[in-house]
Amino acid sequence: MAKIVVAGCGHGGLVAATKLARAGHEVTVYEKAPRQEIGHPQSDAFDYDTFTYADLPVAPYFRRGGNVITFVPPGADNEPLTIPALENESYIVDRKELINYLVELAEEAGVEILFEKEATAPIILGNRVAGIVVDGEKIYCDMVIDACGVSSPIRSQLPDFMGVNRAVEKYDVVHSYRAYFSRTDAPDPRHNYQLYLQEDGTVGFSWLITEIDRTDALICRFYYPEDSEVLDALRIVQEKNPQMGKDMIYGGSRSVIPVCQPLGMLVADGYAAVGDSAFMTIPVKGSGITYSIKAGKMLADCILKDTEGFFDTESLWEYQRRFFKELGFGACHLAIIKNILPYLTTAQVDEIFRLKLVSTEEIQDIMSNTANAIFTPKGLAATREKIRLAGNNTVIKDILSSIAVWIGKFFVIEAAFPTKYDRADIQKWLRRYNNFFVSIKKPE
Ligand SMILES: Cc1cc2nc3c(=O)[nH]c(=O)nc-3n(C[C@H](O)[C@H](O)[C@H](O)COP(=O)(O)OP(=O)(O)OC[C@H]3O[C@@H](n4cnc5c(N)ncnc54)[C@H](O)[C@@H]3O)c2cc1C
């Protein structure tokens, strides 16, 4: 049986740890936070099929609920766009309950979880990740699972030849501020989940979810907003929503959320990244719970198949193949769509709504974690029609034409994905994948 180390209490890491310990492996998780501080102070949604997929029991306190989201365009003249509830209805869960539930499952399976232990670096021996450094101590093992989240010090210090790490660039992440405020006596709003796009002329968004006894405010920007900017953004949301009280009653934390394509290389000899450490979120939404948990299950399945205990890039490639096939390429499509945001100004977003260049079906498709309505020959034809509808607006026309070109180019990259392990093929594909996403970024 192998000695497996998980860096960080990320969701996917805990799921993989549970499965591997149940199969008899010796698994230790090192988590930098104290036990009572893990998990975000907020409630979030994840897909209904997540735990069934991972073959884990659904906790009785997971609450079913669909999110009916209303997009509120920046200009006063455009009607808000309400997206009907999604078919894959979600669970809504308190994040601290969710992560503690996964911790309990792992501990029941025999995983040792050590809190207040910070992983600071990988240990590299030759071509292999041979362990991690935790609070200055070298911990050697057969396999490292990196579940440290978006700023993982393990991923970011891997040597270049492994091809795993890539710098976090502008527009790859959003900086969030989330807090729950009291509710005033003002009546319920027409829409209880309102998403404000670029409400103050900068690139970013805010939301307000009105619940029975509280309001949930989120401010997101593609750069780190100073406290004064967050306060201004909250004030704007408050002015539009008299039901939002002034007293903060829960949360008030800042975080970084990946909103980009997944890492092109998830594995190295003795190493695999899972969840936010591999940028596994739905790029337009930043949701990563489902991807992380499902990827944790895929990783465990792959490790368990390696009965020889090689745990090298070749045997771990099946994890990468399955992730991209089932989830990763869908995430890439959404990353391409999201990539247009930095190109647009507030006025252009308004114009897109005014010309009805975005339909409720398309947004619903995107919110249900695919871009099938766009990434098909029919979708491409619809994009051409939109180019016509954009009339004399050359900026919007150019952006739509770019999307059509990006979609075409990415189809080729997707088709060239090496399903079987071949080092040279993988390196060639990885270069194409990374270069493509660099090429579509808005120049500074
Ligand atoms: C405001 C906000 C709203 C969100 N809303 C949703 C939503 O509605 N639905 C959804 O699916 N997702 C949502 N997400 C995203 C979601 O939180 C992540 O995608 C999800 O948590 C998966 O990340 P992870 O488990 O891989 O890593 P994380 O949740 O980041 O966990 C990483 C863990 O590793 C620990 N760690 C970090 N560094 C070290 C280190 N050096 N040594 C040891 N331990 C370390 C951390 O303390 C943490 O416990 C939201 C995120 C934010 C911030």
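Residues numbered from 1 in each chain as written. Predicted model: local features only at pLDDT ≥ 70, side-chain atom pairs only at ≥ 80, totals over all residues.

Caption draft 1: Focus on the overall build of the chain. Of regular secondary structure, the chain possesses 11 helices and 19 strands. Computed over the C-alpha atoms, the radius of gyration of the chain is 22 Å, within 12% of the 22 Å expected from 2.2 N^0.38 for a compact globule of 444 residues. Looking at the chain residue by residue over its 444 residues, the buried ones come to 40%. Considering only intrachain contacts with a sequence separation of at least 6, the fraction spanning at least 24 residues in the chain is 70%. (Helix = DSSP H or I, 4+ residues; strand = E, 2+ residues; numbered from the N terminus. Rg over C-alpha atoms; globule rule 2.2 N^0.38 Å. Buried ≥ 20, exposed ≤ 12 C-beta atoms within 10 Å, placed from the backbone. Contact = placed C-beta atoms within 7 Å.)

Caption draft 2: How the structure looks around the site of the ligand. Gly 8, Gly 10, Gly 149, Gly 275 and Gly 288 are the nearest of the 36 residues found near the ligand. Within the residue set of the shell around the ligand, elements represented by two or more residues are helix 1 (11–22), strand 3 (43–47), strand 13 (173–183), strand 17 (244–258) and helix 5 (289–305). Broken down by class, the residue content of the shell around the ligand amounts to 14 nonpolar, 16 polar and 6 charged. There are two domains that each give the shell around the ligand at least three residues, and those are domain 1 (3–62 + 93–169 + 260–330) and domain 2 (173–258). (Near = placed C-beta within 6 Å. Nonpolar A, V, L, I, M, F, W, Y, C, P; charged D, E, K, R; others polar. Domains from an automatic or database assignment.)

Caption draft 3: The nonpolar core, seen in detail. Among the nonpolar cores identified, the biggest contains 104 residues, and Ala 7, Ala 17, Ala 106, Val 144, Ile 145, Ala 272 and Leu 299 are the most heavily contacted of them. In terms of residue count, helix 6 (residues 313–338) provides more of this core than any other element does, 10 residues in total. The contact partners of Leu 299, leaving out residues within four places of it in the chain, are Gly 12, Ala 16, Ile 145, Ala 272, Val 274 and Tyr 319. Counting 8 residues, the second largest nonpolar core, distinct from the first, contains Ile 352, Phe 353, Ala 390 and Leu 400. (Core = buried A, V, L, I, M, F, W, Y, C linked by C-beta atoms within 7 Å.)

Caption draft 4: Unusual backbone geometry, seen in detail. Of note, Asp 55 is a non-glycine position whose phi angle comes to about 60°, a positive value. Tracing the chain through its elements places Asp 55 in the loop between helix 2 (50–53) and strand 4 (63–65).

Caption draft 5: Just the domain arrangement of the chain, in detail. Here the domain parsing of the chain yields domain 1 (3–62 + 93–169 + 260–330), domain 2 (173–258) and domain 3 (335–439). On a C-alpha basis, the centroid separation for the pair domain 2 and domain 3 is 29 Å.

Caption draft 6: Spotlight on helix 1. The terminal C-alpha atoms of helix 1, which comprises 12 residues, lie 17 Å apart, in line with the 16 Å expected from a rise of 1.5 Å per residue. Of all 12 residues in helix 1, 11 are buried; the element is thus mostly enclosed. All of the buried residues in helix 1 are His 11, Gly 12, Gly 13, Leu 14, Val 15, Ala 16, Ala 17, Thr 18, Lys 19, Leu 20 and Ala 21. Tucked inside the fold, the buried residues of helix 1 contact strand 1 (3–7), strand 2 (26–30), helix 3 (95–108), strand 12 (143–146) and helix 5. Taken from the residues just after helix 1, Gly 24 is the one with a positive phi, measuring 105°. (Expected span 1.5 Å × (residues − 1).)

Caption draft 7: Spatial organisation of the pairing of strand 1. The buried fraction of strand 1 is high, at 4 of 5 residues. Sheet analysis places strand 1 next to strand 2, joined by 5 bridges and oriented parallel. When the sheet's bridge partners are listed, Val 6 is paired in strand 2 with Val 29. With helix 1 bridging strand 1 and its parallel neighbour strand 2, the resulting β-α-β unit is right-handed. With 4 bridges joining them, strand 1 and strand 12 adopt parallel strand pairing. Across the sheet, residue Ala 7 finds its bridge partner in strand 12, namely Asp 146. (Pairing = 2+ DSSP bridges. Right-handed = clockwise from strand over helix to strand, strands pointing away.)

Caption draft 8: Quick look at the packing of helix 10 (residues 394–415) against helix 11 (residues 423–439). Their axes nearest at 10 Å, the elements helix 10 and helix 11 cross at an angle of 160°. By the angle between their directions, the pair helix 10 and helix 11 is classed as roughly antiparallel. Seen from above, helix 10 lies across helix 11 with left-handed handedness. Judged by residue contacts, Lys 409, Phe 410 and Ile 413 of helix 10 engage Arg 432, Tyr 433 and Phe 436 from helix 11. Here the residues of the contact of helix 10 with helix 11 sort into 4 nonpolar, no polar and 2 charged. (Axes fitted to C-alpha atoms, helices over the stretch in contact; angles between N-to-C directions. Parallel < 35°, antiparallel > 145°, perpendicular 65-115°, else oblique. Left-handed = near helix turned anticlockwise from the far one by under 90°.)

Caption draft 9: A look at the sheet that holds strand 6 (residues 81–83). Pairing is mixed across the open sheet formed by 7 strands, whose spatial order is 6-5-14-15-16-13-17. Each edge of the sheet is formed by a strand with only one pairing partner; in this case those strands are strand 6 and strand 17. Between one strand and the next, the sheet's axes are offset by a mean angle of 20°, whatever the strand orientation.

Caption draft 10: Main features of the packing of helix 6 against helix 10. Where helix 6 meets helix 10, the axes come as close as 11 Å, and the angle between the chain directions of the two elements is 160°. Classified by the angle their axes make, helix 6 and helix 10 are roughly antiparallel. Handedness of the helix 6/helix 10 crossing: right-handed. Contact residues: Phe 329, Cys 332 and Ile 336 in helix 6; Trp 406, Ile 407, Phe 410 and Glu 414 in helix 10.

Caption draft 11: Layout of helix 7 (residues 346–354). Among the residues of helix 7, Val 349, Glu 351, Ile 352 and Phe 353 are the ones counted as buried. Downstream of helix 7 by one or two residues, Lys 356 has phi in the positive range, about 55°.

Caption draft 12: Fine view of the sheet that holds strand 4. Taken in spatial order, the 3 strands line up as 3-7-4 in an open sheet, and their pairing is antiparallel. The two strands at the open ends of the sheet, each matched to only one other strand, are strand 3 and strand 4. In this sheet, neighbouring strand axes are inclined to one another by 40° on average, regardless of whether the strands run parallel or antiparallel. In terms of strand pairing, strand 4 meets strand 7 (residues 90–94) through 3 bridges, oriented antiparallel. Residue pairing in the sheet places Gly 65 in a bridge with Ser 90 of strand 7. Across the sheet, helix 3 touches strand 3 and strand 7, and the angle it forms with strand 7 is around 95°.

Caption draft 13: The environment of Ile 83, seen in detail. Within the secondary structure, Ile 83 sits in strand 6. Overall, the presence of 21 C-beta atoms within 10 Å leaves Ile 83 in the buried class.

Caption draft 14: Main features of the environment of Tyr 291. Following the sequence through the fold, Tyr 291 ends up in helix 5. Residue class for Tyr 291 comes out buried when judged on the 30 C-beta atoms lying within 10 Å of it. On a C-alpha basis, the gap between Tyr 291 and Thr 215 in space is 27 Å, while along the polypeptide they are 76 residues apart. Once you skip the residues sitting within four places of it in the chain, Tyr 291 turns out to touch Met 280, Thr 281 and Leu 327.

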